[in-house]
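Residues per chain are reported as follows:
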Amino acid sequence: MIALGFYKPGNTDQPPEFEAVELDKPEPKGHDLLVEVKAVSVNPTDYKTRDSKKPDDDSLTIVGRDVAGVVVSVGSECSLFKEGDEVFYAGTNVREGGHSEFHLVDERIVGHKPKNLDFAQAAALPLTGLTAMEALFVRLGISKKPQDNEGKNILIIGAAGGVGSIATQIAKLAGLTVIGTASRQETIEWAKDHGAHHTINHHQELLPQLKELDIDGVDYIFCLTNTDDHMAGMADAIRPQGKICSILPAFEPLAPALFGKSVTFVYELMYTRSMFQTEDMIEQHQFLNELSEWADSGKVQSTLNETMAPINPANLKEAYGKLMSGKTIGKIVLEGPVEK
């Protein structure tokens, strides 16, 4: 099979130097599915994997966490899928990624692809959808029942990005008033089109902008950009006994004001379950199936914003270059076939 990867980290200010490599097609064992890759989306976690490589590490690295495709064979312990099933998933950071013709993945972190979405639309959803669902419903403990969230609100910092685009939809679906941050006209419009009731600018102080909307504070904050940059603003904006979730680590101390307000501060990393093989790993399968049902019923729309084809080294490099600019809106997806 053809796999697209890189050997040396190279210049980390530039996208990875992808190469096409011929590898043996793998055989699924245990809980693994062998999936024929039809579409992939690109994520910051992929080029950050490159950034963490040591200069003397010349091993082949294959990234690519978001995949939509078709099951071609299954391992002996599989019970959730069969050959021919259309699937979508985000994979894991401790195995090779999906930038290849065929890909092995544990069925417990795989979902049935939405029937009403094509492969490209489906490939935009898994990593960001799982991150949003785990953050909202597990880390922040928000109820999925709208009646339980009446009068409650959430501030999503970075609402027009990949995770923000799906988190705004899911938070609105849960009955929360959603305030998203966006700083450009096109990102403001995108955030509102994807579920934000209000938008404010994350380059300005947060609480004064909220007060202009007659909002004296927020019950929840979901931070999707540099945590340290927004720590003081979040401490001002969060209500007493509120909850904050971040998808990026804080390198500076937490704001002392969080202590006085008895604020809960939690992290969300979508890879935790698969990386540590937790007993509840199968919850990602269940979350993805629920996300698939929401997509098929029209409650959630794909956050796909740009499609490229085919999946080859040149297009991957261009897609990651756009992603590294920090100005992308929604998701960039590459459709197959996988080519040299």
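Procedures and definitions
- Every chain is numbered independently, its residues counted from 1 as its sequence is written.
- Per-residue local features of the predicted model are confined to residues with pLDDT of at least 70, and side-chain atom pairs are confined, for both listing and counting, to 80 or more; whole-chain, interface and lining totals are unaffected and use all residues.
- Only hydrogens and water are set aside when side-chain values are computed; all heavy atoms of the structure are taken into account.
- UniProt positions are given in the numbering used here, feature names are shortened, and annotations may be inferred rather than shown by experiment.
- Lines are fitted to the C-alpha atoms to define the axes, a helix being fitted only along its stretch in contact, and any angle between axes, read from their N-to-C directions, falls within 0 to 180 degrees.
- A helix here means a DSSP run of H or I that spans at least four residues, while a strand means a run of E at least two residues long, and both kinds are numbered starting from the N terminus.
- Angular relationships are summarised with four words: roughly parallel below 35 degrees, roughly antiparallel beyond 145, roughly perpendicular across 65 to 115, and oblique for the angles in between.
- When checking whether two residues touch, look at their non-hydrogen atoms; a contact exists if any pair is within 4.5 Å.
- Residues belong to one nonpolar core when they are buried, are Ala, Val, Leu, Ile, Met, Phe, Trp, Tyr or Cys, and are joined through side-chain atoms within 4.5 Å.
- Here's how the labels work: a residue is buried when its accessible area is under 20% of the maximum for its type, exposed when over 50%, partly exposed in between, all with a 1.4 Å probe on protein chains only.
- Marked domain ranges trace back to an automatic or database domain assignment.
- Buried area, as used here, totals the accessible surface that two parts lose on assembly, with accessibility defined by a 1.4 Å probe and the loss added over both.
- Whenever a carboxyl oxygen of Asp or Glu lies within 4 Å of a side-chain nitrogen of Lys or Arg, that contact is scored as a salt bridge.
- At least two DSSP bridges between two strands are required for those strands to pair.
- Excluding any residue in a salt bridge, patches collect residues exceeding 30% relative accessible area, merging like charges within 9 Å and nonpolar Val, Leu, Ile, Met, Phe, Trp and Tyr side chains within 5 Å.
- For the accessible areas, the method is Shrake-Rupley and the probe is 1.4 Å, while residue cover comes only from the protein chains on display.
- Each pair of aromatic rings taken from Phe, Tyr and Trp, with Trp reduced to its six-membered ring, is defined by centres within 6.5 Å and is described as stacked if the planes are under 30 degrees apart, edge-to-face if over 60, and tilted in the remaining cases.
- This arc describes the spread of directions from the helix axis toward the C-beta atoms.

The name given to the protein chain in an unreviewed UniProt entry is Zinc-type alcohol dehydrogenase-like protein, with the source organism recorded as Planococcus citreus. We quote the UniProt Sequence similarities (unreviewed entry) comment for the protein chain here in full: "Belongs to the zinc-containing alcohol dehydrogenase family. Quinone oxidoreductase subfamily."

1. Re the packing of helix 3 (residues 126-139) against helix 10 (residues 283-297)
Direction vectors running N to C along helix 3 and helix 10 enclose 105 degrees, while the axes themselves pass 10 Å from each other. Taken as axis vectors, helix 3 and helix 10 run roughly perpendicular relative to one another. On the side of helix 3, the interface is formed by Pro126, Gly129, Leu130, Met133, Glu134, Phe137 and Val138, while helix 10 contributes Gln284, Phe287, Leu288, Glu290, Leu291 and Trp294.

2. So, the nonpolar core
Residues Ile154, Ile156, Ile170, Phe222 and Leu291 are the most contacted members of the largest nonpolar core, which totals 76 residues. For this core, the element with the most residues is helix 3, which contributes seven residues. When residues of this core are assigned to domains, at least three map to each of domain 1 (2-126 + 279-335) and domain 2 (140-267). Ignoring anything within four residues of it in the chain, the contact list for Ile156 reads Gly164, Ala167, Thr168, Ala171, Val178, Ile179, Gly180, Thr181, Phe222 and Leu224. Leu206, Ile215, Ala255 and Leu258 belong to the second-largest nonpolar core, a separate cluster that totals 22 residues.

3. Overview of the domain arrangement of the protein chain
Assigned domains of the protein chain: these are domain 1 (2-126 + 279-335) and domain 2 (140-267). Once you take the C-alpha centre of each, domain 1 and domain 2 turn out to be 28 Å apart. Contact with domain 1, which involves 17 residues of that partner, is made by 16 residues of domain 2. Across the interface of domain 1 and domain 2, roughly 1,200 Å² is buried in total on both sides, 66% from carbon and sulfur atoms. On the domain 1 side of the contact with domain 2, Gln301, Thr303 and Ile329 bury the most area, a combined 38% of that side's loss. At the boundary of domain 1 and domain 2, one finds one salt bridge. A salt bridge links Glu290 to Lys144; its shortest N-O distance comes to 2.6 Å. Where the side of domain 1 that touches domain 2 is concerned, the elements lending two or more residues are helix 10 and strand 14 (304-308).

4. Some thoughts on the sheet that holds strand 8 (residues 153-157)
Through backbone hydrogen bonds, the strands of a sheet pair up, either in parallel or in antiparallel fashion. The strand order across the open sheet formed by six strands is 10-9-8-11-12-13, and the pairing between neighbours is parallel. The open sheet terminates on both sides in strands that have one partner only, identified here as strand 10 (198-200) and strand 13 (264-267). Sheet twist, expressed as the average angle between the axes of neighbouring strands with direction ignored, equals 20 degrees. In this structure, strand 12 (residues 238-246) lies alongside strand 13, joined through four bridges in parallel fashion.

5. Here's the deal with a nonpolar patch on the surface
A contiguous nonpolar patch, built from Val94, Leu269, Met275 and Phe276 and spanning about 380 Å² of accessible area, is present on the exposed surface. Along the chain, the position of Leu269 falls in the loop between strand 13 and helix 9 (272-276).

6. A look at the packing of aromatic side chains
For the structure shown, the criterion picks out three aromatic pairs. Look at Phe6 and Phe18: their rings are 5.7 Å apart centre to centre, the planes differ by 75 degrees, and that puts the pair in the edge-to-face class. Placement of the pair is Phe6 in the loop between strand 1 (2-5) and strand 2 (19-22) and Phe18 in the loop between strand 1 and strand 2, with a sequence separation of twelve residues. Phe6 sits in the buried class, given a relative accessible area of 1%. For Phe18, a relative accessible area of 8% gives the class buried.

7. Here we look at the pairing of strand 6 (residues 102-106)
Within a regular strand, the side chains alternate between the two sheet faces. In terms of residue burial, strand 6 counts as a mostly covered element, since five of its five residues are buried. Here strand 6 shows a buried face lined by Phe102, Leu104 and Asp106 and a second buried face lined by His103 and Val105. Judged from the five bridges that link them, strand 3 (residues 32-41) and strand 6 form a sheet pairing that is antiparallel. Bridge pairing in strand 6 places Val35 opposite His103.

8. What about the pattern of salt bridges?
Scanning the model with the defined rule gives 22 salt bridges in all. The salt bridge involving Lys38 is made with Glu36; its shortest N-O contact spans 3.6 Å. Under the relative-accessibility criterion, Glu36 is labelled partly exposed at 29%. Note that Glu134 and Arg139 form a salt bridge whose closest N and O atoms lie 3.8 Å from each other.

9. Notes on helix 1 (residues 44-51)
Buried within helix 1 we find Asp46, Tyr47 and Arg50. Down the axis, helix 1 shows its buried residues gathered within 85 degrees of arc, on one side only. In this fold, the buried residues of helix 1 make contact with strand 3 and helix 11 (313-324).

10. Details of unusual backbone geometry
In this chain, Ala309 is followed by Pro310 through a cis amide linkage whose omega measures -5 degrees. Position of Pro310 relative to the elements: it lies in the loop between strand 14 and helix 11. Residue Pro337 is reached from Gly336 by a cis peptide bond, and omega for that bond is 15 degrees. If you trace the backbone, Pro337 turns up in the segment after strand 15 (331-335).

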